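# Chain and residue survey
Chain by chain, the residues:
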Amino acid sequence: MKKTILIILILISSFVITGYSQSDKTKEIDEYCGKINSYISEDENDLSYYFQQKLHYISNFRAIGRQDTKITFFYSAPEDEYYEENEETKYRSIYFPPEKVKVNYNIAASMDINIEYYFSEEKLILYHSVSTGAYYCIEEKYYFDGKTLLKIKTAKPSDCLQDEVLEEKPVYEKYSGFTDEEKSAAERILKNASEYQKSFFLLVELESLDK
């Protein structure tokens, strides 16, 4: 009996410690991402901390009409690397992956989707999206440690413009017990984050073609 009670106590204490550890990590992530945002200036000419690479796609889709997709990469100033070539000193710029990627797009005139990817040491740590409009209003946060999903938090955005929406999304917060659907969403988020990082370096090459 005593042995059984001891095992139960160990399991409970382990769960509490794990929960606290995850909570502590997500708090650190929030603080880190807040620091990134504090360094981003509203003035595009302010290059004191982050440079910006921007894309603006204008598309036309059936049942949607015009769709504007804007993607912004926030990255640190590249470093200069010097080298010798034909007895001449030259240099090239060494770029580092973006620390934040921001994506905005619309679904007709009914929805606005705003997504943010935050990175630390080239790894995704936070996915933050806010979707508002006639279909639904939801704010989602997915926290990561490497490829491990730490936490999901959803809430109703304070700037939801619709009193009534077609679909009410659930509001909750969880550190474990993720459903197959949530795990699949996390995998898709990680994959998209990786694709944005790759695209950034392709844009760096594209930008330099005629120079």
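Rules used in this analysis
Residues numbered from 1 in each chain as written. Predicted model: local features only at pLDDT ≥ 70, side-chain atom pairs only at ≥ 80, totals over all residues. Heavy atoms only, no water. Helix = DSSP H or I, 4+ residues; strand = E, 2+ residues; numbered from the N terminus. Contact = heavy atoms within 4.5 Å. Core = buried A, V, L, I, M, F, W, Y, C linked by side-chain atoms within 4.5 Å. Buried < 20%, exposed > 50% of the residue type's maximum accessible area, 1.4 Å probe, protein only. 1 Å grid on protein atoms, 1.4 Å probe; cavity = no way out; pocket = protein on both sides within 12 Å on 5 of 7 lines; lining within 4 Å. Points joined across faces, edges and corners; volume = space filled by probe spheres on them. Nonpolar A, V, L, I, M, F, W, Y, C, P; charged D, E, K, R; others polar. Pairing = 2+ DSSP bridges.

Glancing now at the environment of alanine 63. Position of alanine 63 among the secondary structure elements: in the loop between β1 (50–61) and β2 (65–76). When the C-alpha positions of alanine 63 and isoleucine 107 are compared, they lie 9.2 Å apart, and in sequence the two are 44 residues distant.

Let's shift gears to the side chain of histidine 128. In this structure, histidine 128 sits in strand β7 (residues 123–133). Ignoring sequence-local partners within four residues, the contact set of histidine 128 consists of Asn114, Ile115, Glu116, Glu139, Glu140 and Lys141.

Soluble globular proteins tend to pack their nonpolar side chains together in the buried interior. The biggest cluster of nonpolar side chains holds 25 residues, and the ones touching the most others in it are Val101, Tyr117, Tyr142 and Phe144. Counting only elements with at least two residues in this core, the list comes to β2, β5 (100–107), β6 (111–120), β7, β8 (138–145), β9 (148–155) and α2 (180–207). Here this core gets eight residues from one element, more than from any other, and that element is α2. With residues up to four places along the chain from it excluded, the contact list for valine 101 reads Ile71, Thr72, Phe73, Ile115, Glu116, Tyr117, Phe119 and Tyr196. In terms of nonpolar packing, the next biggest core, distinct from the first, is built from ten residues, Cys33, Ile125, Leu126 and Tyr143 among them.

With that settled, consider empty space enclosed by the protein. This structure, assessed with the given rule, holds one cavity of 30 Å³ or more. In terms of lining residues, the largest cavity is bounded by Tyr39, Ile40, Ser41, Asp46, Ser48, Tyr49, Tyr50 and Gln52. For the lining of the largest cavity, the per-class residue count stands at four nonpolar, three polar and one charged.

On to the sheet that holds β7, then. Strand order across the open sheet formed by eight strands is β1-β2-β5-β6-β7-β8-β9-β10, with antiparallel pairing between neighbours. Looking at strand neighbours, the two that pair on one side only are β1 and β10 (173–174), the edges of this open sheet. Where β5 lies against β6, eight bridges are found, and the strand directions are antiparallel. Opposite asparagine 104, over in β6, you have asparagine 114 as the bridge partner.

A few words now on unusual backbone geometry. What you tend to see is this: most non-glycine residues have negative phi, and most peptide bonds are trans. Backbone geometry at glutamate 121 places phi at a positive 50 degrees, although glycine is not the residue there. Backbone geometry at glutamate 122 places phi at a positive 70 degrees, although glycine is not the residue there. Looking at where glutamate 122 falls in the secondary structure, it is placed in the loop between β6 and β7.

Turning to the pairing of β6, a few remarks are in order. The buried count for β6 comes to seven of ten residues, which makes it a mostly enclosed element. Linking β5 to β6, which pair antiparallel, is a turn of three residues; within it alanine 108 sits at a positive phi near 50 degrees. As paired strands, β6 and β7 are joined by ten bridges and run antiparallel to one another. Bridge assignment links aspartate 112 to a residue of β7, and that residue is threonine 132. Counted between consecutive antiparallel strands, the loop separating β6 from β7 contains two residues, among which glutamate 121 sits at a positive phi close to 50 degrees.

Just distances and angles here, no functional claims.
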